[in-house]
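Below, each chain spelled out in residue letters.
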Amino acid sequence: MTVPVGPVPRTINVNLDYAPARWGHWASALQWTSLSSRVVTNDDQFKLPPMSTLNVSIRYGLRLFNRPCSARLDVANVTDETGLTISSLYQVVPCCGAITR
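Predicted, not measured: the structure shown is a model, and the values here were computed from it. (Residues numbered from 1 in each chain as written. Predicted model: local features only at pLDDT ≥ 70, side-chain atom pairs only at ≥ 80, totals over all residues. Heavy atoms only, no water.)

### Here's the deal with the confidence of the model for the chain
Looking at the chain as a whole, the pLDDT averages 81, with 72% of positions reaching at least 70. For the chain, the element scoring lowest by mean pLDDT is strand β7 (residues 84–86), at 67; strand β6 (residues 67–75) scores highest, at 95. In the model, residues 97–101 has pLDDT below 50 throughout and makes 17 contacts with residues more than four positions away in sequence or in other chains. (pLDDT = per-residue confidence, 0-100. Helix = DSSP H or I, 4+ residues; strand = E, 2+ residues; numbered from the N terminus. Contact = heavy atoms within 4.5 Å.)

In structure tokens:
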């Protein structure tokens, strides 16, 4: 069954990057994303529940071919949320709550 997805009334993205000088070339980052519930059908019969995800990453700065670059390890959804979200291409994709009635 194909249904239109309503707008996301509230989206919060919080990004923290931490790279103290004593860590040398190492740095870390956290990203927390929170979405409010979203109406899936025009008659408000189905909704996607609110969802929050947490992503973490570590980064190492180095030089490659005499150019500065960084190697990065990202771990997405470390809290193992389940549900659906809307991609940057406006497609509904599995990610992180089930549709509730």
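### Examining the pairing of β6
Strand direction decides the pairing type here: strand β5 (residues 51–64) and β6, joined by nine bridges, are antiparallel. Bridge pairing in β6 links Leu 62 to Cys 69. Joining the antiparallel neighbours β5 and β6 is a turn of two residues, in which Phe 65 adopts a positive phi near 55°. (Pairing = 2+ DSSP bridges.)

### Overview of unusual backbone geometry
For Phe 65, which is not glycine, the phi torsion reads 55° and is therefore positive. Backbone geometry places Asn 77, a non-glycine residue, at a positive phi of 55°. Along the chain, Asn 77 falls in the loop between β6 and β7. For Asn 77, a relative accessible area of 17% corresponds to the buried category. (Buried < 20%, exposed > 50% of the residue type's maximum accessible area, 1.4 Å probe, protein only.)

### Comments concerning the pattern of salt bridges
Pairs may arise between side chains of opposite charge once their charged atoms sit close together. What the rule picks out here adds up to two salt bridges. Between Asp 74 and Arg 72 there is a salt bridge, and its shortest N-O distance comes to 2.8 Å. Owing to a relative accessible area of 49%, Arg 72 belongs among the partly exposed residues under this scheme. (Salt bridge = Lys/Arg side-chain N within 4 Å of Asp/Glu carboxyl O.)

### Some points on the sheet that holds strand β2 (residues 26–35)
Across the sheet, four strands lie side by side as β1-β2-β5-β6; this open sheet has antiparallel pairing. Only two strands of the sheet have a single neighbouring strand rather than two, namely β1 (11–18) and β6. Along the sheet, successive strands turn relative to each other by an average axial angle of 20°, direction set aside. Pairing of β2 with β5 involves ten bridges; the strand directions are antiparallel. When the sheet's bridge partners are listed, Thr 33 is paired in β5 with Thr 53. (Axes fitted to C-alpha atoms, helices over the stretch in contact; angles between N-to-C directions.)

### Examining the pairing of β2
Residues in a regular strand project their side chains so that they alternate between the two faces of the sheet. In terms of strand pairing, β1 meets β2 through eight bridges, oriented antiparallel. Looking across to β2, one finds that Tyr 18 is bridged to Ser 28.

### A word on the side chain of Ser 57
Within the fold, Ser 57 resides in strand β5. Excluding residues within four positions of it along the chain, Ser 57 makes contact with Ala 27, Ser 28, Ala 29, Arg 72, Leu 73 and Asp 74.

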